[in-house]
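Working through the structure, step by step
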Amino acid sequence: MKKLLGLFLTILLLTSCTTTTSLYSWGNYEDASYNYYKKQTPEAAEALLKSYQNIINKQKGSRKVVPPGIYAEYGFMLIQTGKRDEGIINLKKEIELYPESKVFIERIINQAEKWKI
């Protein structure tokens, strides 16, 4: 009985040591977004835009899909920097990947189309 219990505990210990692959890869998004919202400088904005581009272009997560909200944030930031058409394209990509965001994102698109940037 002790051997069986020891074997069970050993198996339990070994299986608990396995690592799981993340669904999405976020790159340096956390640091870049923190720096941008803390400082709001042009350099921080550029770093955040590059972070978005890296996440979109180099997705290494197990789903191989851009994380939720990234296309939306990237699109909105592009709109804020005067690239409205490119921003709206990214907002629409967010809806394609995550249809549950449609109501919210469509409101942003409708407002962006009215803005004269």
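Residues numbered from 1 in each chain as written. Predicted model: local features only at pLDDT ≥ 70, side-chain atom pairs only at ≥ 80, totals over all residues. Heavy atoms only, no water.

Using the criterion set out here, one finds 6 aromatic pairs in the structure. Centroid distance Tyr-29 to Tyr-52: 6.0 Å. Interplanar angle 40°. Geometry classified as tilted. Of the two residues, Tyr-29 is situated in helix 2 (residues 29-39) and Tyr-52 in helix 3 (residues 42-57); the sequence distance between them amounts to 23 residues. Summarising the burial analysis for this pair, Tyr-29 and Tyr-52 share the class buried. (Phe/Tyr/Trp six-rings, centres within 6.5 Å; stacked < 30°, edge-to-face > 60°. Helix = DSSP H or I, 4+ residues; strand = E, 2+ residues; numbered from the N terminus. Buried < 20%, exposed > 50% of the residue type's maximum accessible area, 1.4 Å probe, protein only.)

Let's shift gears to the packing of helix 4 (residues 70-80) against helix 5 (residues 84-97). Between helix 4 and helix 5, the least distance of the axes is 7 Å, while the angle of their chain directions is 165°. In terms of their interaxial angle, helix 4 and helix 5 are classed as roughly antiparallel. For the pair helix 4 and helix 5, the crossing hand works out as left-handed. Across the interface between the two elements, Ile-70, Tyr-71, Ala-72, Tyr-74, Gly-75, Phe-76, Leu-78 and Ile-79 of helix 4 pack against Arg-84, Glu-86, Gly-87, Ile-88, Asn-90, Leu-91, Lys-93, Glu-94 and Leu-97 of helix 5. (Axes fitted to C-alpha atoms, helices over the stretch in contact; angles between N-to-C directions. Parallel < 35°, antiparallel > 145°, perpendicular 65-115°, else oblique. Left-handed = near helix turned anticlockwise from the far one by under 90°. Contact = heavy atoms within 4.5 Å.)

Closest axis-to-axis distance for the helix 5/helix 6 (residues 102-114) pair is 9 Å, and the angle between their directions is 170°. The pairing of helix 5 with helix 6 is recorded here as roughly antiparallel in orientation. When you trace helix 5 past helix 6, the crossing you get is left-handed. Where helix 5 approaches helix 6, its residues Arg-84, Ile-88, Leu-91, Lys-92, Glu-94 and Ile-95 are matched on the opposing element by Lys-102, Ile-105, Glu-106, Ile-108, Ile-109, Ala-112 and Glu-113. Considering only residue class, the contact of helix 5 with helix 6 consists of 7 nonpolar, no polar and 6 charged. (Nonpolar A, V, L, I, M, F, W, Y, C, P; charged D, E, K, R; others polar.)

Next up on the list: unusual backbone geometry. The phi dihedral of Gln-40 falls on the positive side, at around 55°, and the residue is not glycine. Along the chain, the position of Gln-40 falls in the loop between helix 2 and helix 3. Residue Gln-40 is classed as partly exposed on the basis of its relative accessible area, which comes to 47%. Positive phi outside glycine occurs at Lys-64, with the angle close to 55°. With respect to the helices and strands, Lys-64 occurs in the loop between helix 3 and helix 4. Relative accessible area serves as the criterion here: at 57%, Lys-64 is assigned to the exposed category.

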